[in-house]
Amino acid sequence: MPDNNLIANKKVAYYAGCFANYYYPEVGQAMVKVLQKNRVEVIVPDQVCCALPMMAKGNTRAAYKNMKYNVKILSEAVASGYALITTCSSCGLMIRRDYPRLLGSEEAKQVSENLYHFSEYLLKLDEIGELDTDFQPIPQTIFYHTPCHLRAQEIDSPTVKLLGLIPDITIRHISEECCGMGGAYGYEKVNYELSKDIAGKLYAEIRENPTDRIVTDCGGCKLQIEAGTGTRVEHPIILIQEAYNL
Amino acid sequence: MINGEMSKDLPIWIMEPELTEKQDLAARKLLEGGQKKAHIPQTLSLDDIKQQLKGIREDAASQIDHLTRELKANLNRKYPGVKVTQAKDEAEAVGYITRISDGTRTISINNSSVVSQELKPGLLASGFNVINSYLDEFEVKERKILDYWDLPRLEDKNLSGTFDVSIKMAGIDQPHPTDSKPRKYLAVLGANAISAEDTTAFFLEHFSNIHKDLKEAEKVVIVIGLDKIVKHRQDAAFQTKCMGIFGMESILLGIQPEPKKGIAIAGLSLPPADKERELHLVILDNGRSKLLEGKFRELFLCIGCRACNKHCPIRHSFTNVDYVWTPRNYLNQFLYGGEKSIDICLHCEACRLECPLQIDLPGLMWEAKIDYISKHGRSFHHMILGTPELLAKLGTAFAPLANRMMDIGLVRIPMEIITGVDRKTRLPVFHFNTFRKWFKQHA
C-alpha cells in the first residue's frame, strides 16, 4: 500500500529519467521550481535509465542491472520519507508496473507503490490543501494528448485535472490516439512508415481541433507530434510553471 | 429447434446479438409512464462480468485434464453417434479431417481462430478448398443486423443482455423439412465453449454462417480447443456471451478497413449430400496444455474475443496476413514458429487494458522476446539502440557538434546503416547542460 504520510511529508525524490535530463532539461527545472514554490523539499537522487528502452530492444541483462540500481536508490529515498515522482509517463509505467513484476522484490513493490506521476502528486497535495492554487490565468486553448503509457497506468487523467485548475485555460480536445513513436520504435527504418501511419490519426485530430497549444507528458510523443505537425509541443509542467509566473 | 434439456443428440446452442436491450428500454419507458411494472433484467457491471469470467477461466485452467476426461466420457455415454477424437496438434487434426473427408474437397470454416489460424494452413496444404463465409455475410447484410452500428457496444449499460441463445439444436438433424437440403461439403467449425458436464457446445454467431453450415454440410467437424472446455453449461454460455460482449467492436473494426471479399459457400454449386450426415468432434490441444506449464499460462485464460485488437495501433497494418490479426494471435504465431520476429509490438499496453481477463500481453511479448534473444541473439541495430543512455551521454558530451552533425544528410546515411535509425527522422536535441548538472548547481 502507498504510504500516504509521504504526501503529507512534502518531501520528494524526483526521478527525472533520460528525456528530462538529456533532451528537455526545462521540464526538470520547471518541476523543481514548482515543487519549491509549494514548499516541497526536492532531491534528485542518483539514477540510471529506467530500462524500458533497453527491454524493448532486448538488452535484458543491462536492463535488469538498471532496474535493480534504481530500486536500491529509490527504495532508500522512500525509507527516508520521500515520495517518488516522475515527469515521464514511460518511466512511470516501467517503475510502477514492470519493476515489481520483473524483479519480484519487496523493495521494487515499495518503489512502485510510492511513485506518482507529477500531476497525480500535485493533485494529492491539493487534496490535503497543500497546493498553492494561486495560478495566473492562461487564456489559451489546449490540445492534450494522453500518452499510451500514462493511460496504461490507469490513474485516470491527473494532468487534465491539474491543468483544469489554471484559470481561463480551456482543454478543448483530449486525444487518446497512439502517436506511433514507442520510444526508438518510430526511429527505426523498418518501422518508420508504420510509425507515421499510426500517427496519421493523431495528426488528423490535431488538424481538426486547432488550439493555441499542444500538450503531452511524454517526450517521445512530443517529438513525433512536432515532426508531423511542425508545431511546438509542451510538457504540462511548463504550463504550471507559467501559471505560477516562475 | 428443440429444447436442449431434452436433447436426444449433442446439444448445440448458438448465441446471437439480441434485441433484449431494446426490450429493456421499452420496459423502462413503461415504468416511467406509470404503467404495469415491467420486468427489467438485473444489469451486471463491466467489473462484475470480468470477475465472473476470470473465475470461470481460472477454474477451467486448474482442472483441464479432468474436464477433458469428463467431456469425453459424457460424449461417449450420452451421444455415441458423435464421433469424438482427440488431436495433440494441428497436423493430427488435419489428418483426421482428411481421412473422414471421403473425397470431399470443399471445407467451410467459421472465423474462430482455432480453425482460421490453426487448421486452415494445414487444410489448404492438404489440397482442400477452404471457404470462410463470414466476411461475405458481412457484406450481404443479414436478417438480424441491417447495419453494424446497430450492434450493441460496450458503453451500453445492460451488457448481460447483449447476446442470448437464439438457436438450440440437437445434433445436426434437420429440424424442419422446409429447410435447405444438405450439400456435399465439410464444415469445420471452431466452437466458443463446451460444457464438460452436459456437453452443450456453444457458438457465437454474428450472422448466419454457422447455423447454415450446421444444417447444410454433409459432414460437420466441431473443433474444441482445450481452452474452450469449462465445467458447467451456464459457464460455457457465459464465456460465449463474453466473447460477444468484449469482441464485438474489435471484430467489426478488424474488418472495416479493407474487408476481404470471399466466396460464400452459399454461392457454390455443390451436389446434394448422398450419404448420411456425420457429426465429428475434435478436441484439439495444439500447444494449449503446454501453455499451462510455463510462463505463458495466462494465454490459456484467453477466450479469443479479440478485444486486444480494439485499440492496437498497428492492427490496420496487418489486414493481409492469412489469419485474423490480433496481438494475441500474433504472439501465438510467434510462439509456434509462424512469425520470425516479435518486434512489431509498440508496447503501448492498450491490449492489456482492453482484455476482459487483464492478460498481460505486453509482458508476455517481452518474455517471448527474451526467450528468442537467448537463443538467437540480438540484431546489431538493437545492440546499439538498446543502450539509450550511453548514446545520450555521448551526444550530450559533444552536444553542439553532435546536434549539427545530426542535420547533415551525409552523416545520417551511414548512421542509418549502422544504427538502423531512419535518415528522415527528426532526432531530439542534446543539451550540454543536462538537468541534473543544473540541479547540482542550483539546489
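For clarity, every value in this text was computed on a predicted model and none was experimentally measured. Starting from 1, residues in each chain are numbered consecutively following that chain's sequence as written. In the order they appear in the text, chains get letters beginning with A and ligands get numbers beginning with 1. Given that this is a predicted model, residues contribute local features only at a pLDDT of at least 70 and side-chain atom pairs are listed and counted only at 80 or more, while totals for whole chains, interfaces and linings are drawn from all residues.

Points about the overall build of chain A
Point 1. Numbering of helices and strands starts at the N terminus; helices are DSSP runs of H or I of at least 4 residues and strands are runs of E of at least 2. Helix and strand counts for chain A come out as 13 helices and eight strands.
Point 2. We take the radius of gyration over the C-alpha atoms and set the globule estimate at 2.2 Å times the residue count to the 0.38 power. What you see for chain A is a C-alpha radius of gyration of 18 Å, in line with the 18 Å of a compact globule of 246 residues.
Point 3. Seen along its three principal axes, the alpha-carbon backbone of chain A occupies a region of about 50 × 45 × 25 Å.
Point 4. Counting all 246 residues of chain A, 55% fall into the buried class.
Point 5. In this description, a residue-residue contact is defined by the distance between C-beta atoms placed from the backbone, which must lie within 7 Å. Taking as baseline every contact in chain A between residues at least 6 positions apart, the subset at least 24 positions apart corresponds to 76%. Burial is judged by counting the other C-beta atoms within 10 Å of a residue's own C-beta: 20 or more makes it buried, 12 or fewer makes it exposed, and any count in between marks it as partly exposed, with every C-beta position built from the backbone.

Regarding the sheet that holds strand E9 (residues 217-225) of chain B
Residue and element names in this part refer to chain B.
Point 1. The sheet built from six strands is open, its strands ordered E2-E11-E9-E6-E3-E4 with parallel pairing. One side of each edge strand has no neighbouring strand; the edge strands of this open sheet are strand E2 (83-87) and strand E4 (129-132). Averaged over neighbouring strand pairs, the angle between their axes works out to 25° when direction is ignored.
Point 2. In the sheet, strand E3 (residues 106-109) pairs with strand E6 (residues 183-190) via three bridges, with the strands oriented parallel. Following the sheet pairing, isoleucine 107 is matched in E6 by leucine 186. Paired strands are those between which DSSP finds at least two bridges. Every axis in this analysis is a line fitted to C-alpha atoms, fitted for helices over the stretch in contact. Angles between the N-to-C directions lie between 0 and 180 degrees.

Quick look at the interface of chain B and chain A
Point 1. Taken together, the contacts link 40 residues of chain B with 39 residues of chain A.
Point 2. Elements supplying a minimum of two residues to the side of chain B that touches chain A: helix H12 (350-354), helix H13 (361-376), helix H14 (380-385), helix H15 (388-397) and helix H18 (435-442) of chain B.
Point 3. We call Asp, Glu, Lys and Arg charged. Ala, Val, Leu, Ile, Met, Phe, Trp, Tyr, Cys and Pro are nonpolar, and the rest, Gly among them, are polar. Of the residues in the side of chain B that touches chain A, the class split is 19 nonpolar, twelve polar and nine charged.

Re the confidence of the model for chain B
Residues and elements named next belong to chain B.
Point 1. Summing up the model confidence of chain B, the mean pLDDT is 82 and the portion of residues at 70 or higher is 80%.
Point 2. Within chain B, no element has a lower average pLDDT than helix H1 (residues 20-32), which sits at 50, and none a higher one than strand E10 (residues 229-230), at 98.
Point 3. Here residues 1-6 is a poorly scored stretch, pLDDT under 50, and it has 14 contacts once near neighbours within four places are set aside; other chains count.
Point 4. pLDDT runs from 0 to 100 and stands for how confident the predictor is about each residue. Residue range residues 140-158 is modelled with pLDDT below 50. Its contacts to residues more than four positions away, or to other chains, number 27 contacts.

Structural notes on the nonpolar core
Point 1. Judged by nonpolar contacts, the single largest core of 188 residues is most densely connected at Leu84 of chain A together with Val188, Leu189 and Val223 of chain B.
Point 2. Per-element tally for this core: the top contributor is helix H8 (residues 233-255) of chain B, with seven residues.
Point 3. When residues no more than four places from it in sequence are discounted, the contact partners of valine 188 of chain B are Ile97, Ile107, Ile109, Val115, Leu119, Val221 and Val223 of chain B. In this description, a nonpolar core means buried residues of the types Ala, Val, Leu, Ile, Met, Phe, Trp, Tyr and Cys, linked to one another by C-beta atoms lying within 7 Å.

Brief notes about helix H12 (residues 219-229) of chain A
Residue and element names in this part refer to chain A.
Point 1. By the burial criterion, the buried members of H12 are Gly219, Gly220, Cys221, Lys222, Leu223, Gln224 and Ile225.
Point 2. Summarising the contacts, the buried residues of H12 are in contact with helix H2 (17-23), strand E5 (141-145), helix H11 (192-208), strand E7 (213-216) and strand E8 (233-234).
Point 3. Positive backbone phi, at 75°, marks glycine 230, one or two positions downstream of H12.

Re the packing of helix H11 (residues 327-335) of chain B against H13 of chain B
Geometry of a packed helix pair, given as the angle between the helix axes and the separation of the axes.
Residues and elements named next belong to chain B.
Point 1. In contact at an axis separation of 11 Å, H11 and H13 are set at 20° when each is read in the N-to-C sense. One finds that H11 runs roughly parallel with respect to H13. Handedness of the crossing formed by H11 with H13: left-handed. Residue-level inspection shows Pro327, Arg328, Leu331, Phe334 and Leu335 of H11 in contact with H13, the latter providing Leu361, Leu364, Met365 and Ala368. Here is the rule for angles: anything less than 35 degrees is roughly parallel, anything more than 145 is roughly antiparallel, 65 through 115 is roughly perpendicular, and the remaining ranges are oblique. In this scheme the crossing of two helices becomes right-handed for a clockwise turn of the near helix relative to the far one and left-handed for an anticlockwise turn of less than a right angle.

Considerations on the packing of helix H5 (residues 60-79) of chain A against helix H6 (residues 89-103) of chain A
All names here are of chain A.
Point 1. Direction vectors running N to C along H5 and H6 enclose 105°, while the axes themselves pass 11 Å from each other. Between H5 and H6, the interaxial angle falls into the category roughly perpendicular. Together, Met67, Lys68 and Val71 of H5 and Tyr99, Leu102 and Leu103 of H6 make up the contact between the two elements.
Point 2. Of the residues that constitute the contact of H5 with H6, the class distribution is five nonpolar, no polar and one charged.

Details of the domain arrangement of chain B
All names here are of chain B.
Point 1. Bear in mind that the domain bounds are from an automatic or database domain assignment. Per the domain assignment, the segments making up chain B are domain 1 (4-22 + 43-290), domain 2 (293-373) and domain 3 (381-442).
Point 2. Contacts between the two partners involve 26 residues from domain 1 and, on the opposite side, 22 residues from domain 2.
Point 3. Counting only elements with at least two residues in the side of domain 1 that touches domain 2, the list comes to helix H2 (46-62), helix H5 (113-125), H8 and helix H9 (288-293).
Point 4. A per-element tally of the side of domain 1 that touches domain 2 places H8 first, with ten residues.
Point 5. Tallied by class, the residues present in the side of domain 1 that touches domain 2 amount to nine nonpolar, nine polar and eight charged.

Some details on the domain arrangement of chain A
Residue and element names in this part refer to chain A.
Point 1. Partitioning chain A into domains gives domain 1 (5-127) and domain 2 (141-243).
Point 2. Distance between the C-alpha centres of domain 1 and domain 2: 21 Å.
Point 3. Between domain 1 and domain 2, the residue contacts involve 26 residues of the former and 21 residues of the latter.
Point 4. Breaking the side of domain 1 that touches domain 2 down by element, the ones donating at least two residues are H2, helix H3 (25-37), helix H4 (52-56), H6 and helix H8 (118-127).
Point 5. Here the element with the most residues in the side of domain 1 that touches domain 2 is H3; it accounts for six residues.
Point 6. Split into classes, the residues belonging to the side of domain 1 that touches domain 2 amount to 15 nonpolar, six polar and five charged.

Focus on H2 of chain B
Residues and elements named next belong to chain B.
Point 1. Under the convention used throughout, the expected extent of a helix is 1.5 Å for every residue step, that is, one less than its residue count. The terminal C-alpha atoms of H2, which comprises 17 residues, lie 24 Å apart, in line with the 24 Å expected from a rise of 1.5 Å per residue.
Point 2. All of the buried residues along H2 are Leu53, Ile56, Arg57 and Ala60. Projection of H2 onto a plane perpendicular to its axis shows the buried side chains occupying an angular sector of 95°, all on one side. Facing away from the buried side of H2, by more than 90 degrees, are the exposed residues Asp47, Gln51, Gly55, Glu58 and Ser62. The arc under discussion is defined with respect to the helix axis, by the directions toward the C-beta atoms.

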